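Close look at the chain arrangement
Take a look at the letters that make up each chain.
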2 protein chains.
Amino acid sequence: MLLSLLLSVQAAPPAAAPPKPYDAEPADWVAIPDDEMLVFTLADGRRVVVRLAARYAPAHVANMRALATARWWDGESVYRVQDNYVTQWGDPTEKKALPSGLIANPPAEYEWPAFDAVATLAKPDSYSTRAGYSRDGWPLATNGTTAWMPHCYGMVGVARDLAPSTGSGGDLYAVIGHGPRHLDRNIAVVGRVIEGMEALSSFPRGTGNLGFYEQPAQYVRIRSGRLASTLPAAERPRYQYRRTDNARFAAWIAARENREPPFFTMPAGGADICNAMPPVRKAS
Amino acid sequence: MLLSLLLSVQAAPPAAAPPKPYDAEPADWVAIPDDEMLVFTLADGRRVVVRLAARYAPAHVANMRALATARWWDGESVYRVQDNYVTQWGDPTEKKALPSGLIANPPAEYEWPAFDAVATLAKPDSYSTRAGYSRDGWPLATNGTTAWMPHCYGMVGVARDLAPSTGSGGDLYAVIGHGPRHLDRNIAVVGRVIEGMEALSSFPRGTGNLGFYEQPAQYVRIRSGRLASTLPAAERPRYQYRRTDNARFAAWIAARENREPPFFTMPAGGADICNAMPPVRKAS
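In the annotation of an unreviewed UniProt entry, chain A is listed under the name peptidylprolyl isomerase and assigned to Sphingomonas guangdongensis.

Below is the structure:
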C-alpha cells in the first residue's frame with residue numbers, strides 16, 4: 001500500500017513489539033474531569049467534545065459553564081467555516097440574551113506571567129522562544145516574559161469583536177487549518193477539541209466573506225451544549241490526558257522531533273508544538 | 001458581526017482606502033504558464049488545479065506531465081482523507097500500469113544545494129533556519145546547507161512506499177492540516193493547489209488506518225487529469241503569482257509578521273512560512 005506517510009508514534013505498536021522508551025505506562029493516563037468537558041451534539045447526532053482550560057482562562061470558562069447550564073447553545077448553529085482557518089459556532093444573530101450574571105466582556109485572558117511547562121520542545125518557532133507542556137497536557141508557548149496557549153489545529157478560542165471586546169464565550173471557533181499563531185495573545189484560548197474534529201473540519205466551506213455561510217439554511221444546527229458533569233453517567237464522554245512530567249514523555253517529544261525509519265530517512269531535529277500536540281485518548 | 005478574525009492583508013482594501021506599502025502593482029502579477037497547471041476534474045464537476053514546481057522536482061513533474069498526457073488519472077479516485085494531514089488521490093489498487101517510458105522511481109528530489117530565495121521571513125522556525133520565497137512565488141526553506149519546499153497547507157507531494165521508493169507521481173497528496181514539516185526532505189514536493197482546496201479539505205475523513213476509505217463506494221471519482229496547456233483555450237484556468245523581488249513584497253511580509261489593528265492588539269513579530277504563503281490569484 002502506498003502509505004506516503006506512516007503512523008505517528010502515538011499509534012499503538014503491534015502486539016508483539018518490544019516497548020519503546022516513549023510508550024506511556026498505565027498510570028501516565030489520567031481521567032479528564034467531567035466538568036472539564038463541554039459536549040456539543042449536532043443535529044446529525046455527531047458529538048463534539050471540548051476540553052476546557054479552566055486554569056488558563058477562568059473567567060471565559062466560567063461563562064461557558066454558565067452558558068451550558070442555561071442551555072444557551074441549544075438550537076444555535078455552526079455558521080462559519082473558513083478554509084485553512086476556523087469553524088465557528090454560536091449565535092449568528094448576535095441577539096440572543098446572555099444568562100443573567102454573565103460578564104459579557106471578561107478580562108482579556110490572553111497571556112500570563114508563568115510559563116509552567118514541565119517538558120519543552122528542543123527548538124523555538126517563529127512565534128515563541130520556547131514551547132512545551134503543562135503537567136496535565138496543555139500546550140504552552142512563551143517569549144521568555146509571558147506564556148500563553150498556542151493556536152494549533154483543534155484548539156478552541158472565543159470569537160470577539162474589535163478590541164476591547166474579549167468575547168463572552170458564547171461564540172467559539174476551532175482551528176481547522178495551519179495553526180494561525182498570529183492570533184496568539186490576541187484572543188482567549190479556552191480549550192481543545194478532543195472528539196469530533198473530523199466533523200468540524202469537513203463541513204462545506206462558507207462562501208461569504210471570512211467563510212460565513214450566506215444562507216441560514218446552510219447552518220449546521222446544534223442540538224445541545226452541555227457540561228459532561230450534567231449528563232447521565234452513561235452518556236458522559238470519558239477521556240484521558242497523558243502526563244508530561246516523566247522521562248517517557250520526554251522520549252515521546254524526542255521521537256516526534258526525530259521521526260523514525262523505515263519511512264523517514266531525514267529526521268527534522270525539531271518539531272513545532274502544533275505537530276507535537278499533547279496526547280489525549282478515549283478511556284477504554 | 002462577531003468577526004473573531006479579520007481579513008488578511010491579502011484581501012483587497014476598500015475602494016476608497018489609500019494604497020498601502022504592501023499593495024502589489026499590476027506588473028507584480030505574472031501569469032502562471034499553462035504547462036505549469038495540472039487540472040483535475042472531480043465527478044461532481046469541481047476542479048482542482050495544481051501549480052507544478054518543475055524547477056524543483058523536474059523528474060517527478062516530467063512524470064506527472066506524462067501521466068496527464070496518457071490520461072492516466074481519468075477514472076481514478078481520491079481514496080484517502082486523513083484529518084489534519086492529507087487528502088490523497090491516484091490509483092488505490094496500485095495495479096494500474098504506468099505509461100511506457102515513465103521512470104517508476106525518479107531521483108529523490110527532496111532537497112538541493114541552492115536556497116534561491118529573493119525575500120525571506122524575519123525569524124527561523126522549528127524546521128529551518130530561514131524560510132522565504134523564490135522570485136516566482138514558491139515557498140522555500142533552508143537549514144543553511146540545503147534548500148527544500150516546505151510541507152504547508154495546500155502543498156502537493158508524491159506518495160511513496162518505504163525508502164528507497166520515491167513515488168512515480170501517480171499518487172499525490174495535498175496537505176489539509178497543520179503543515180507536517182517533518183515530511184520536508186523525506187518526500188518530493190511537486191506543487192501547490194491553487195484552486196479547489198475547499199473540495200480537497202472537506203471530504204469526509206476516512207475511517208480506515210491512516211485515513212484510507214474502507215469501501216471503494218466512498219472513493220471520490222476523478223473524471224480527468226489534464227495539463228492546462230492541452231485543454232481548449234476557453235477551459236484553461238488562468239492564474240497569476242505575485243513577484244517577490246521588490247520592496248512591496250518585503251512590506252507584505254512585514255505586514256504578515258505584524259498584523260494590524262484594530263483587530264490585532266499584539267503583533268507576533270514573526271510568521272512561519274505556512275502562515276505567509278506566496279500570493280496567487282485568479283486572473284481577472
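What follows covers the sheet that holds strand E14 (residues 239-242) of chain B. Residues and elements named next belong to chain B. Pairing in this open sheet of three strands is antiparallel, and the strands run E1-E14-E15 from one edge to the other. The sheet is open, and its two edges are formed by strand E1 (29-31) and strand E15 (280-282), each paired on a single side. Shown here is a sheet whose adjacent strand axes are inclined to one another by a mean of 35 degrees, direction ignored. Bridging between E1 and E14 involves three bridges; their strand directions are antiparallel. Bridge pairing in E14 links Val-30 to Tyr-241.

At the junction of the two partners, chain A supplies 62 residues and chain B supplies 62 residues. Here chain A and chain B share zero salt bridges between them. Inspection of the chain A/chain B interface yields 27 residue pairs in polar contact (both at pLDDT 80 or more). Contributing elements (two or more residues each) for the side of chain A that touches chain B: strand E4 (77-82), strand E5 (86-90) and helix H2 (197-200) of chain A. Class assignment of the residues belonging to the side of chain A that touches chain B gives a composition of 32 nonpolar, 15 polar and 15 charged.

Glancing now at the environment of Ala-276 of chain A. Residue and element names in this part refer to chain A. If you trace the backbone, Ala-276 turns up in the loop between helix H3 (247-257) and strand E15 (280-282). Under the relative-accessibility criterion, Ala-276 is labelled buried at 0%. Ala-276 sits 24 residues away from Trp-252 along the chain, and the two C-alpha atoms are 9.2 Å apart. Those residues in contact with Ala-276 that lie beyond four places of it in its chain are Leu-121, Tyr-133, Trp-252, Arg-256 and Ala-271.

The subject of this paragraph is the relation of the copies chain A and chain B. Rotating chain A by 180 degrees and moving it 0.0 Å along the rotation axis overlays it on chain B with an RMSD of 0.0 Å. The symmetry that links the two subunits is that of a two-fold axis.

Rules used in this analysis
- Residues numbered from 1 in each chain as written.
- Chains lettered and ligands numbered in written order.
- Predicted model: local features only at pLDDT ≥ 70, side-chain atom pairs only at ≥ 80, totals over all residues.
- Heavy atoms only, no water.
- Pairing = 2+ DSSP bridges.
- Helix = DSSP H or I, 4+ residues; strand = E, 2+ residues; numbered from the N terminus.
- Axes fitted to C-alpha atoms, helices over the stretch in contact; angles between N-to-C directions.
- Contact = heavy atoms within 4.5 Å.
- Salt bridge = Lys/Arg side-chain N within 4 Å of Asp/Glu carboxyl O.
- Polar contact = N/O pair within 3.5 Å; in protein donor to acceptor, adjacent residues only side chain to side chain.
- Nonpolar A, V, L, I, M, F, W, Y, C, P; charged D, E, K, R; others polar.
- Buried < 20%, exposed > 50% of the residue type's maximum accessible area, 1.4 Å probe, protein only.
- Least-squares fit on C-alpha atoms with pLDDT ≥ 70 in both.

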